[in-house]
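# Descriptive structure summary
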Amino acid sequence: MSLNFGIVDLFAGPGGLGEGFTSLVVDGHTPFRIGISVEKEASAHRTLTLRAFLREYRSRHGSLPEQFIDFHAGETSEPDWSEVDAAAWRLAVEEARCLELGTEVAATAIDTAIEKLKSGYDDTILIGGPPCQAYSLVGRARSRGKADYVPEEDERHYLFREYIRVLDKLRPAAFVMENVKGMLSSTVESRLVFEMLMEDLTSLGTGRGHRYELRAIRIEDGKAWLREAKRPSDFIVRAEEFGVPQRRHRVIIVGIRSDLAARASQASLSVSGAVRTVDDAIGSMPALRSGISRGTDSAAAWREVVVDAANLLASIHGGRDGEALCDAFAAIGRRMARHAPRSRKDTRLPETYGQSNDELLCWLERPELRALAQHETRGHMASDLGRYLFAAVFGRVRGCSPKAADFPLALSPEHRNWHSGKFNDRFRVQLADEPSTTVTSHISKDGHYFIHPDPLQCRSLTVREAARLQTFPDNYLFMGNRTQQYVQVGNAVPPFLARQIAGLVLSALA
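Quick caveat, the model's predicted, so the values are computed rather than measured.

How each quantity is defined
Residues numbered from 1 in each chain as written. Predicted model: local features only at pLDDT ≥ 70, side-chain atom pairs only at ≥ 80, totals over all residues. Heavy atoms only, no water. Helix = DSSP H or I, 4+ residues; strand = E, 2+ residues; numbered from the N terminus. Rg over C-alpha atoms; globule rule 2.2 N^0.38 Å. Buried < 20%, exposed > 50% of the residue type's maximum accessible area, 1.4 Å probe, protein only. Contact = heavy atoms within 4.5 Å. Areas by Shrake-Rupley, 256 points an atom, 1.4 Å probe, with all protein chains shown as cover. Lys, Arg positive; Asp, Glu negative; His and termini not counted. Charge placed at Lys NZ, Arg CZ, Asp CG, Glu CD. Axes fitted to C-alpha atoms, helices over the stretch in contact; angles between N-to-C directions. Parallel < 35°, antiparallel > 145°, perpendicular 65-115°, else oblique. Left-handed = near helix turned anticlockwise from the far one by under 90°. Nonpolar A, V, L, I, M, F, W, Y, C, P; charged D, E, K, R; others polar. Phe/Tyr/Trp six-rings, centres within 6.5 Å; stacked < 30°, edge-to-face > 60°. Lys NZ or Arg CZ within 6 Å of the ring centre and 35° of its normal. Pairing = 2+ DSSP bridges. 1 Å grid on protein atoms, 1.4 Å probe; cavity = no way out; pocket = protein on both sides within 12 Å on 5 of 7 lines; lining within 4 Å. Points joined across faces, edges and corners; volume = space filled by probe spheres on them. Salt bridge = Lys/Arg side-chain N within 4 Å of Asp/Glu carboxyl O.

### So, the overall build of the protein chain
The helix and strand inventory of the protein chain stands at 17 helices and 14 strands. Taking 510 residues into account, the globule formula puts the C-alpha radius of gyration at 24 Å, and the protein chain, at 24 Å, falls close to it. By principal-axis analysis of the C-alpha atoms, the protein chain measures approximately 75 × 55 × 45 Å. The 510 residues of the protein chain split such that 55% are buried. A sequence separation of at least 24 residues applies to 74% of the contacts in the protein chain between residues at least 6 apart. Carbon and sulfur atoms make up 47% of the accessible area of the protein chain, which amounts to about 22,100 Å² in all. Mean positive and mean negative side-chain charge positions of the protein chain (65 and 66 charges, respectively) differ by 3 Å.

### Description of the packing of helix α12 (residues 323-339) against helix α14 (residues 382-398)
Any two packed helices are characterised by the angle at which their axes cross and by the distance between the axes. Between α12 and α14, the shortest axis-to-axis distance is 10 Å and the interhelical angle comes to 125 degrees. Between α12 and α14, the interaxial angle falls into the category oblique. Viewed along their axes, α12 and α14 form a crossing whose handedness is right-handed. Here Ala324, Leu325, Ala328, Phe329 and Ile332 of α12 lie close against α14, whose contacting residues are Leu389, Phe390, Val393, Phe394, Val397 and Arg398. Its residues assigned to classes, the contact of α12 with α14 comprises 10 nonpolar, no polar and one charged.

### Considerations on the packing of aromatic side chains
Taken as a whole and assessed by the stated rule, the structure comprises 19 aromatic pairs. For the pair Phe71 and Trp81, a centre-to-centre distance of 6.0 Å together with 65 degrees between the ring planes defines the contact as edge-to-face. Of this pair, Phe71 sits in helix α3 (residues 66-72) while Trp81 sits in helix α4 (residues 81-84); the two residues are 10 residues apart in sequence, bridging distant segments of the chain. Each of the two residues, Phe71 as well as Trp81, counts as buried. Each residue in the set Phe53, Tyr57, Phe68, Phe71, Trp81 and Trp89 is aromatic and connected to the rest through ring pairs, giving one cluster. Across the ring face of Trp363, the terminal group of Arg366 is positioned such that the distance to the ring centre comes to 5.3 Å. The ring of Tyr486 has Arg378 lying over it, and the distance from NZ or CZ to the ring centre is 4.3 Å.

### Brief notes about the pairing of strand β8 (residues 212-220)
Relative to strand β11 (residues 249-257), β8 runs antiparallel, the two sharing four bridges. Paired with Arg215 across the two strands is Val254, which belongs to β11. Examined bridge by bridge, β8 and strand β9 (residues 223-227) share five bridges and lie antiparallel to one another. Each residue of the ladder has a partner; that of Ile217, found in β9, is Leu226.

### Quick word on unusual backbone geometry
Notably, Asp221 is not glycine yet its phi reads approximately 55 degrees, a positive angle. For Asp221, the location among the structural elements is in the loop between β8 and β9. Of note in the backbone geometry, Cys458 takes a positive phi value of approximately 45 degrees without being a glycine. On the secondary structure map, Cys458 appears in the loop between α14 and α15 (463-469). On the basis of relative accessibility, which here comes to 1%, the residue Cys458 falls in the buried class.

### Details of the side chain of Thr471
Checked against the element boundaries, Thr471 lands in the loop between α15 and α16 (482-491). With sequence-adjacent residues up to four places away left out, Thr471 is seen in contact with Val244, Pro245, Leu360, Trp363, Leu364, Pro494, Pro495, Phe496 and Leu497.

### Examining the layout of surface pockets
Estimated volume of the second largest pocket: approximately 580 Å³. Lining the second largest pocket are 23 residues; nearest its centre among them are Glu19, Thr22, Ser23, Arg55 and Arg58. Among the elements that make up the lining of the second largest pocket, the one with the highest residue count is helix α2 (residues 42-61) (seven residues). Residue composition of the lining of the second largest pocket, grouped by class: nine nonpolar, five polar and nine charged.

### Overview of the pattern of salt bridges
Under the criterion given, the structure shown has 32 salt bridges. Between Glu56 and Arg33 there is a salt bridge, and its shortest N-O distance comes to 2.5 Å. Placement of the pair is Glu56 in helix α2 and Arg33 in strand β2 (residues 32-38), with a sequence separation of 23 residues. Arg33 sits in the partly exposed class, given a relative accessible area of 39%. With its nearest N and O atoms 2.8 Å apart, the salt bridge here joins Glu75 to Arg370. Here Glu75, found in the loop between α3 and α4, pairs with Arg370, found in the loop between α13 (359-364) and β14 (379-380); they are 295 residues apart in sequence, far enough to count as distant. Relative accessible area serves as the criterion here: at 53%, Glu75 is assigned to the exposed category. Through salt bridges with shared partners, a single ionic network connects Glu19, Arg51, Arg55 and Glu95.

### Regarding the environment of Ile451
Assignment of secondary structure puts Ile451 in the loop between α14 and α15. Taking relative accessible area as the criterion, Ile451 reaches 0% and is therefore assigned buried. A sequence separation of 353 residues divides Ile451 from Cys98, and the C-alpha atoms of the two residues are 33 Å apart. Once residues within four sequence positions are removed from consideration, Ile451 is found in contact with Tyr388, Ala391, Phe427, Arg428, Val429, Gln430, Arg459 and Ser460.

Here is the structure:
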């Protein structure tokens, strides 16, 4: 018998985890459906609502609406979705809620939704995770820099307890909680946050109902399994082991309700094990140039800046040690004259788009589309273009991203700490033949950590390229301005990974 599970998605962001669960199809059946998703950030909520609408519309009509295809291609402004399909839009608005968890308003809305889910499905699933800023190493470093920062008063440390409250209220068949690795070492009141979390999770239901058995996702013999964790680090999931073209390592805890846990240790899911690379994900996308953020921005002006930088770098890297780099910079300078990209935006689909049998490309490319959306570059300072060019060529020749000490003095930023070691990875190129480094919300700042591997393009990644590295399908449209789009992409769970987690959870329950 095919089971149907209603989902509560907390701290949903743009919906990566929910997308993975709802996209799972087994023998023509979609076992997971979102009942309510909650996100407080307005632009991410808009993304979440649109995706909910498209999911509902497709279930009713078998395809995406033409109005969305036109909007996605940039041919029309955003339509009134309620006029496209009033019933589908009404359900989407009911599903995706712009609420701040921890407030009474949010609690009331969630509790109401829970009652509907309990009566409308065979069972339920809880997914999501509290905001990562308080747990991430970067976030904690920034917080310590605030004169009046008191860790014990940072409400983000305790938002997981709202997740616990909903878990206790919902009593789902299973839950999936995701967070950054920094959660394992974060402390409040001289206690590890992770220890507090585990105590709450393991004590849930004591004396009055079923408890939850906690499982870690482990790869063994080409399969993913739900195993008991012997140490906190066992809960770290490495996305690249699941075919995601990104080294993204996150804490993921799976809980199975004790009355259903007998099958958990036998549940497994085959994984390809193939390492997917940056080039696999974005190599076929149209080449673009960056912009020049200060001064004249034109294709000719941009090319002149990059050619001058290439010639300078070729002259600097003479001698045996730098011969390969010298030749590479000289070659780039020559190729720029004829092959430099002229456009900052290109929506054209590659000729072979939607025709591949490759599993990752089949997931990313959607044949119903007529264009690539959100593939547009931002501007960079002319001085940074030289650093981007150096990093891209260095990465191609040496097979690694350069450290601060590798940059020639002529390209050193005017920063007194540049050679202190604090900025060792200030400029980081993504290597074409490896998975990318972790895509984070910092990509919204300046792009220095996310330099495109092609020296001829000399730029940072576009929103769509970052989304592909995060395995969002090309028909996933991020709402808001470009900065908000980058933040949404960086904060999300890769849907391609989430779908496999959904399959593993289902195998433990069905």
